[in-house]
Amino acid sequence: EAAAADAIVVTCHIDTDQVELDQIYAAIRGAHPTIPLVFFNGHAHQLKFRPLDQNSFAIESGKYFENIGYITFETSKEGPQRLLNLEWQWVNATKTKLQNLAAVPADQFETEAGIELRATMNAYFSKLGLDEKEGCAPQTYSPNAAFDAQDSFYGLYVNRVFPDVIMNHTLAADTTPFFVSNLATLRAPLYQGEVLFDDIFTISPFKDEYHYFPSMEGAHLRALMEATKGDELALGRLRKRYLGVHRDQTPFCNTPITPEDNTPYDLVCADYDCITLSQVLQKLYPDTYTFREYPSSYTSTAALRQWIRANFEC
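A few points on the structure. It should be emphasised that the depicted structure is a prediction, and the values quoted were computed from it without experimental measurement.

1. A few points about unusual backbone geometry
In this structure, Asn85 is a non-glycine residue whose phi angle is positive, near 55 degrees. We classify Asn85 as exposed; its relative accessible area is 54%. In this structure, Asp287 is a non-glycine residue whose phi angle is positive, near 55 degrees.

2. Quick word on the pairing of strand E10 (residues 210–217)
Burial analysis of E10 places 6 of its 8 residues in the buried class, which makes it a mostly covered element. Relative to strand E12 (residues 264–270), E10 runs antiparallel, the two sharing 6 bridges. Counterpart to Met216 in the pairing with E12 is Tyr265. Pairing of E10 with strand E13 (residues 292–293) involves 2 bridges; the strand directions are antiparallel. Across the sheet, residue Tyr212 finds its bridge partner in E13, namely Arg292.

3. Thoughts on helix H1 (residues 19–31)
The terminal C-alpha atoms of H1, which comprises 13 residues, lie 19 Å apart, in line with the 18 Å expected from a rise of 1.5 Å per residue. Listed as buried for H1 are Leu21, Tyr25, Ile28 and Arg29. All buried residues of H1 lie within an arc of 100 degrees about the axis, which places them on one face of the element. Exposed and facing more than 90 degrees away from the buried side of H1 are Ala27, Gly30 and Ala31. Where H1 is buried, its residues contact strand E1 (8–12), strand E2 (37–41), strand E3 (47–53) and strand E4 (56–61).

4. Examining the state of the cysteines
Inspection of every chain in the model, using the stated rule, returns 1 disulfide. Across the disulfide, Cys136 is cross-linked to Cys314 (sulfur-sulfur distance 1.9 Å). In this structure, the disulfide formed by Cys136 and Cys314 twists by about 90 degrees around the S-S bond and is classed as right-handed. With Cys136 in strand E7 (residues 133–137) and Cys314 in the segment after helix H11 (300–311), the pair connects residues that are 178 residues apart, well separated along the chain.

Rules behind the numbers
- Residues numbered from 1 in each chain as written.
- Predicted model: local features only at pLDDT ≥ 70, side-chain atom pairs only at ≥ 80, totals over all residues.
- Heavy atoms only, no water.
- Buried < 20%, exposed > 50% of the residue type's maximum accessible area, 1.4 Å probe, protein only.
- Helix = DSSP H or I, 4+ residues; strand = E, 2+ residues; numbered from the N terminus.
- Pairing = 2+ DSSP bridges.
- Expected span 1.5 Å × (residues − 1).
- Arc of directions from axis to C-beta.
- Contact = heavy atoms within 4.5 Å.
- Disulfide = S-S within 2.5 Å.

This is the structure in structure tokens:
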């Protein structure tokens, strides 16, 4: 059946550079060595194009519908199967760009079904309270800004949201808290002006719970954070997943203090990060540290919402 097809198209939530993609490619090529083979990929949150052979390629088009991958090609009608005249581009996912791709006049771009769907979405938007105003940001905070920059969203998150809302002050009275966050936690900027409940979910959609490694030795904590800056502990894929084009050192940010020897620290992080850091700690200090639930009243989504309500009044 595949021999009669023009091409094989595979959609997958796999990075274009992951070994799993190579395994799928090899399996298909084992059965169909020359048929045009196209992979539509996701997962890395990056714009990536990877030729696999003269008749095959993989493409990923970023994240969060910011861009669309637009591809055109032909397949040979006679002789050996071949991929011909391949062209690709990434297009910003704006209404105007989509209209241009559709090649229709602006007054004909919207359809009755689309207008009806938008009305339904707006109704549920209000029903779910996503249009509720949470506060007014005095400026824009960017997740891509340097950590110590005045407009750093991660600086705000680590230095203000964590101690003001997330931190358990009873524990902090005995052991110094040290907060760590991966640099994919905040998924959009916090824009100046009105902040809606919908904006909170756009920035932090997962309601991550917080966990912690209690009473970690300062020297061990320093070694852990240093290890996250290199690839020697198999963090290469982690770095690629978390880091954008402006980041080249570490996939994490943290409380801006230097842990001291012979001082215990409670290492606090979201549950997802605790799993990752636990694997690194196991390599550094086998069977020494385990994480547990952090006694906080807030998830990541609720914490950001609460802080904005308390600090960014309109």
